[in-house]
Amino acid sequence: MKDHSVGHVVIAPDKFKGSLTAPEVAHRVAAGLGDVPVVLLPVADGGDGTVDAVAACGFTRVEAEVTGPTGQPVRASYAVKGETAVVEMAEASGLRRLPGGLEPLTATSYGTGELIAHALRGGATKIVLGLGGSACTDGGTGLARALGARFLDASGAELPLGGGALTDLATIDLSGFDAGSAEYVVASDVDNPLLGPHGAAAVYAPQKGADAGQVRLLETGLARLAAVAVHTHGLTGSVEHDGIVRAMGVAGQPGAGAAGGVGFAALAFLNASIRPGIAYLLGLLDFETHVEGARLVITGEGSLDEQSLRGKAPVGVANAAMRHGVPVIAVCGRRTVAGDDLRKAGIEAAYALTDIEPDPEICMAQAGPLLERLVASVVKEHL
């Protein structure tokens with residue numbers, strides 16, 4: 001039986017959204033532990049904060065000026081280690097890049113494609129794409145355009161950026177398209193197809209500001225994209241019978257609807273594979289090596305809830321730790337799941353900032369100091 005009274009503590013949290021980045025959470029937890037030996041390994045599941053997490057674990061942050069979701073220039077980052085680059089959709093094309101409000105029909109993924117191109121020029125041979133937090137529903141056409149693809153209407157004119165223009169798509173010209181010879185991996189736990197009631201427009205466009213009419217327009221545009229891809233790119237995208245579009249082939253694959261259809265573009269144009277987000281990124285961060293010999297793993301995220309139990313970062317960390325027989329506890333801003341459910345997921349106990357400060361606004365504003373206090377008050381019983 002493993003002796004958990006010796007060894008280090010692995011601190012592997014996701015971000016507390018709106019309060020602390022994953023690296024900030026890790027440092028606050030370490031401060032609360034005092035003199036206990038620790039390994040800081042902030043994590044992410046492919047969503048926003050992924051670049052922050054890997055940059056804190058040995059990857060080098062690279063900045064570039066690219067096109068934001070509204071077409072205005074933004075400074076965005078990706079992370080590199082060796083010949084592997086981690087590109088996060090939210091960095092260039094995320095909701096946080098919309099200072100003037102949501103733009104459901106015109107927001108573009110072009111800047112994410114520019115980050116990929118920048119990484120390729122820097123010598124990357126593997127591109128890991130994190131697709132969370134996107135502002136657009138353009139089917140990844142912006143990303144593909146940044147790599148040389150052209151999306152044309154019936155007159156041969158290039159379409160405006162954004163998903164709203166895709167209803168006029170007639171031809172996809174890939175003669176200038178260049179994604180290099182890199183391997184592309186999408187790190188995502190989103191399993192939505194491109195089209196239909198569980199697709200990119202129906203499920204996610206309302207979160208990006210689309211009303212019912214705009215959702216229908218975006219759905220029609222994405223269906224047009226998939227259908228045209230069949231004719232001009234040899235893809236099995238979709239077919240139409242009696243006015244009903246039925247997702248098939250690439251468009252119907254789980255994950256094609258991720259990030260407003262950027263998953264579709266990654267599959268169709270980059271020949272990407274889609275891998276479970278947290279499991280893949282833990283491998284990238286060499287979690288299995290760091291957890292060997294540990295006495296405890298501390299994970300967490302801002303809200304520990306039912307969604308967390310469906311494969312988000314804390315449960316992914318717990319599953320990996322379980323394989324090594326290392327116990328796991330979680331810290332969070334708020335907790336809405338019961339102890340039995342957590343234990344089934346491999347988490348022995350969870351502690352929330354709201355356990356020591358009932359006012360959620362104070363928890364958000366003072367998350368760092370409160371987290372240190374919380375960890376200091378509860379961790380002794382687990383060491």
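The model shown is predicted, which means the values in this text are computed figures rather than measured ones.

### Topic: the sheet that holds strand β12 (residues 273–275)
Taken together, six strands build an open sheet; the order of strands is β3-β4-β5-β6-β9-β12 and the sheet is mixed. Looking along the sheet, the strands with just one partner apiece sit at the ends: β3 (60–67) and β12. If you compare each strand with its neighbour and ignore which way they point, the axes differ by 30 degrees on average. Bridge count between strand β9 (residues 183–187) and β12: three bridges; the pairing is parallel. Pairing of A187 across the sheet is with R275, part of β12.

### Remarks on unusual backbone geometry
Leave glycine aside and you will find that most residues have negative phi; peptide bonds, for their part, are mostly trans. Positive phi values are uncommon outside glycine, yet A259 reaches one of about 55 degrees. Of note, A259 is situated in helix α9 (residues 258–269). Overall, A259 belongs to the buried group, its relative accessible area being 9%.

### Quick notes on the packing of aromatic side chains
Two numbers describe a pair of aromatic rings. These are the distance of the centres and the angle of the planes. A complete count under the given rule lists three aromatic pairs for this structure. An angle of 75 degrees between the planes, with centres 6.2 Å apart, marks the rings of F151 and F269 as edge-to-face. On the criterion of sequence distance, the pair formed by F151 in strand β7 (residues 150–152) and F269 in helix α9 is long-range, its members being 118 residues apart. One exposure class covers both F151 and F269, and it is buried. Put simply, the rings of F151, F177, F264 and F269 touch in pairs and so form one group of aromatic residues.

### Describing the sheet that holds strand β15 (residues 349–352)
As summarised here, the arrangement of the five strands in space is β2-β1-β13-β14-β15, forming an open sheet in which the pairing is parallel. With partners counted over all chains shown, the strands left at the sheet margins are β2 (38–40) and β15, one partner each. Taking each pair of neighbouring strands and ignoring which way they run, the sheet shows an average axis angle of 25 degrees. With seven bridges connecting them, strand β13 (residues 296–304) and strand β14 (residues 328–335) associate as parallel partners. Bridge pairing links I298 to I329 in β14. The sheet contacts of helix α12 (residues 313–322) involve β13 and β14, and relative to β13 the element is tilted by about 165 degrees.

### A short note on the pattern of salt bridges
Counted according to the given criterion, the structure contains 15 salt bridges. Note that D48 is salt-bridged to K15, the shortest N-O span being 3.8 Å. One end of the pair, D48, is in the loop between β2 and α2 (50–55); the other, K15, is in the loop between β1 (9–11) and α1 (22–33), and 33 residues separate them in sequence. A residue is classified by how much of its surface remains accessible, and K15, at 17% relative accessible area, is buried.

### Some details on the confidence of the model for the protein chain
Summary statistics for the protein chain give a mean pLDDT of 92 and a share of 94% for residues scoring 70 or more. Residue range residues 236–247 is modelled with pLDDT below 50. Its contacts to residues more than four positions away, or to other chains, number 28 contacts.

### Remarks on the side chain of S109
Mapping S109 onto the fold places it in the loop between α3 (89–93) and α4 (110–121). Residue S109 is classed as buried on the basis of its relative accessible area of 0%. For S109, the side chain forms a polar contact with the main-chain nitrogen of L143, separated by 2.9 Å. Excluding anything up to four places from it in sequence, S109 contacts M89, S93, C136, D138, G140, T141, G142, L143 and V262.

### Comments concerning the domain arrangement of the protein chain
According to the domain assignment, the protein chain consists of domain 1 (9–42 + 295–381) and domain 2 (50–277). Each of domain 1 and domain 2 was reduced to a C-alpha centroid, and the two centroids are 32 Å apart. In this assembly, six residues from domain 1 lie in contact with five residues from domain 2. When domain 1 packs against domain 2, close to 370 Å² is buried across both sides, 71% of that on carbon and sulfur atoms.

### Examining α9
Extensive coverage of α9 is indicated by the burial of twelve of its twelve residues. Residues A258, A259, G260, G261, V262, G263, F264, A265, A266, L267, A268 and F269 constitute the buried set of α9. Positive phi shows up at N271, right after α9, with a value of about 55 degrees.

### Structural notes on the pairing of β3
Bridge count between β3 and strand β4 (residues 73–81): eight bridges; the pairing is antiparallel. The partner of E63 across the bridge, within β4, is S77. The turn joining β3 and β4, which pair antiparallel and follow one another in sequence, is formed by five residues; a positive phi near 95 degrees is taken by G71.

Calculation rules
- Residues numbered from 1 in each chain as written.
- Predicted model: local features only at pLDDT ≥ 70, side-chain atom pairs only at ≥ 80, totals over all residues.
- Heavy atoms only, no water.
- Pairing = 2+ DSSP bridges.
- Helix = DSSP H or I, 4+ residues; strand = E, 2+ residues; numbered from the N terminus.
- Axes fitted to C-alpha atoms, helices over the stretch in contact; angles between N-to-C directions.
- Buried < 20%, exposed > 50% of the residue type's maximum accessible area, 1.4 Å probe, protein only.
- Phe/Tyr/Trp six-rings, centres within 6.5 Å; stacked < 30°, edge-to-face > 60°.
- Contact = heavy atoms within 4.5 Å.
- Salt bridge = Lys/Arg side-chain N within 4 Å of Asp/Glu carboxyl O.
- pLDDT = per-residue confidence, 0-100.
- Polar contact = N/O pair within 3.5 Å; in protein donor to acceptor, adjacent residues only side chain to side chain.
- Domains from an automatic or database assignment.
- Buried area = accessible area lost by both parts, 1.4 Å probe.

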